[in-house]
Amino acid sequence: MLNGKLVSLRELEIHDLDLLFLWDEKEDLYLFKGRYRFASQEDLKNNFTGYSFSQKIFVINRDQAPIGLASYWDEDTRSRTCEIYAKIYDKSVDPHPYLTESLSILINFLFNTENLSRIYTCISDPFDEIKQVLGKLGFIKEGALRDHRFIQGRYVDTVVYGQLKGENGHLKTEKLRR
Amino acid sequence: MIDGRTVSLKKLEPDYLHHIYKWRNDPELMDFYGLYPTISMDKVHEEIKANKNLKNRLDFIVLSKNRDPIGMVWVKRIDWINSNCELNCMIGEKSYRSKVFGAEAIFLLLLFCMNELNLHKVYAKIIEFARESHKLVSHIGFKKEIALKKMVFQHGKYWDLIIYGLLRKEFEAFINSTQGQKYLLSSRKI
C-alpha cells in the first residue's frame, strides 16, 4: 500500500469490480474502454487475471473507502518509461486535492521505487480533471496527436504530457509529498 | 499480393524465416527499431507465428521486382474503434536501402490501410537519429505531430521519439499529387 496524507493507493482486487461496474454505469470507466466495452460483470470477473496483469491498477482510498483509480501501463523496461492515468470517480468529493496527491504518490513510486526515467499521460477529453493538476505536478505538454481518438461521433486530438525524472516536475512532486 | 513499380507486398509466411533472422541480427539495422540485434532462429519463428494470430497486427514481406525478399512492412496496434494504426518499414537488404524501395513499400501499405482496412489515420514512430526515415515519411505526406522527450534508450543515452501522422484526407491529397499519381498508376492488387 502506498500511503499519503489524504489518500492511499492499494492494488485492485477482484471484489472491487462490483464498485467499478457501478462507476461505469454513471461515467465511462477508462479501464473498460476498448477491450472490455459492453462486457458483462461476469466477463470482467472471468478475465480479471488477464487484465490486471496487463496494467498495474491501484484503487485510491480515502478513509478506507474507494474514490477513484490510478494506474500505469506500457512499461518499457529498457528505456524506463510508462504511461499513467488517474481519475476520481466519487462525485461527492472535490477531486483536485485527491487527484493531486494520488498522482504525486504514483509519480514518486514510479521514479523512486520502479526507477523509471520518464512518465507520460495521453488526454483526449478537454474537460478531464487531470489536466488541471498536471502542470502543478510538473508535467510538460509535449504536443498533440491529431484525430487520434473517436469520441461521441467525431475524431479528437490526444494531448501528450510528459515528465522526466530529475527535472523540475519531479522536484515539485517531492515537495508536494512532504 | 500487392504489386507496385519497384516492389511488391506479400503476406508474411514462415518461408521467409531465414531472411528475417538475418535482418533481425543486423545491429546497424536494429538500431532504428530499438530491438536487440541478437535473436535465435526459434524465437524469430515463434514471433512470426504469434504475430500472425494477433487481431491488431498485419505483417508483409517486401519483394523486389524479381521476387527476392528485401524487407518487411507491418502495421501494429490496429485500433478499430479509433480507426488508426502504427506503420513500420524495414528494408533489410543493404543494396535496396534507398528511398525508392522504402517509399513505395510504405505507399502500398498505406493504400491497403486506407482502401482495405478503411482506417482514418496511420502514424509512425521514428527515433531522433534515423534521418533517412524522417525524410522518407515526410516525402509520403506524413506530418510531424509530437516529439516525445527522451523516450528511447539506445547506445548509452536517451533519444527523442518523433511521431508522424497521416490522416486519410492528407493521403488522398498525396494520391492526387504528381508524385502520388506516379505511385498509384504503377500499383495493382492481385
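Residues numbered from 1 in each chain as written. Chains lettered and ligands numbered in written order. Predicted model: local features only at pLDDT ≥ 70, side-chain atom pairs only at ≥ 80, totals over all residues. Heavy atoms only, no water.

Observations regarding the nonpolar core
With 56 residues, the main nonpolar core has Leu9, Phe107, Leu110, Phe142 and Phe171 of chain B as its most contacted residues. Per element, the largest residue contribution to this core is 12 residues, and it comes from helix 4 (residues 99–115) of chain B. Beyond its immediate sequence surroundings of up to four residues, Phe171 of chain B is in contact with Phe107, Leu110, Leu111, Met114 and Leu166 of chain B. Ranked by size, the runner-up nonpolar core spans 33 residues in total, among them Phe58, Ile67, Tyr98 and Ile130 of chain A. (Core = buried A, V, L, I, M, F, W, Y, C linked by side-chain atoms within 4.5 Å. Buried < 20%, exposed > 50% of the residue type's maximum accessible area, 1.4 Å probe, protein only. Helix = DSSP H or I, 4+ residues; strand = E, 2+ residues; numbered from the N terminus. Contact = heavy atoms within 4.5 Å.)

Points about the confidence of the model for chain B
Residues and elements named next belong to chain B. When pLDDT is averaged along chain B, the result is 91; 98% of the residues meet or exceed 70. Between the elements of chain B, mean pLDDT differs from a low of 58, seen in strand 9 (residues 188–189), to a high of 97, seen in strand 6 (residues 121–127). Predicted complex, confidence summary: ipTM 0.88, pTM 0.88. (pLDDT = per-residue confidence, 0-100.)

With respect to the packing of aromatic side chains
By the definition in use, this model includes 12 aromatic pairs over all chains. Look at Tyr72 of chain A and Phe109 of chain A: their rings are 6.3 Å apart centre to centre, the planes differ by 55°, and that puts the pair in the tilted class. Of this pair, Tyr72 of chain A sits in strand 4 (residues 65–76) while Phe109 of chain A is found in helix 4 (residues 95–112), placing the two residues 37 residues apart along the sequence. Each member of the pair, Tyr72 of chain A together with Phe109 of chain A, is buried. On the numbers, 5.3 Å between centres and 75° between planes, the contact of Phe60 of chain B with Phe112 of chain B is edge-to-face. Taken together, the residues Phe60 of chain B in strand 3 (residues 58–64) and Phe112 of chain B in helix 4 connect sequence positions 52 residues apart. Comparing Phe60 of chain B with Phe112 of chain B, the two get one shared label, buried. Taking the ring centre of Tyr36 of chain B as reference, the NZ or CZ of Arg78 of chain A above it sits at 4.4 Å. Across from the ring centre of Trp159 of chain B, 4.3 Å away, lies the NZ or CZ of Lys157 of chain B, which sits over that ring. (Phe/Tyr/Trp six-rings, centres within 6.5 Å; stacked < 30°, edge-to-face > 60°. Lys NZ or Arg CZ within 6 Å of the ring centre and 35° of its normal.)

Concerning the interface of chain A and chain B
Taken together, the 22 residues of chain A in the interface contact 28 residues of chain B. Buried area between chain A and chain B, both sides added, is near 2100 Å², and the carbon and sulfur share of it is 48%. If you sort the residues of chain A by the area they bury against chain B, Arg78, Arg146 and His148 of chain A come out on top, with a joint share of 35%. Here chain A and chain B share 3 salt bridges between them. We note a salt bridge from Arg146 of chain A to Glu145 of chain B, for which the minimum N-O separation is 2.8 Å. Seen at the junction of chain A and chain B, the total is 14 residue pairs in polar contact (both at pLDDT 80 or more). (Buried area = accessible area lost by both parts, 1.4 Å probe. Salt bridge = Lys/Arg side-chain N within 4 Å of Asp/Glu carboxyl O. Polar contact = N/O pair within 3.5 Å; in protein donor to acceptor, adjacent residues only side chain to side chain.)

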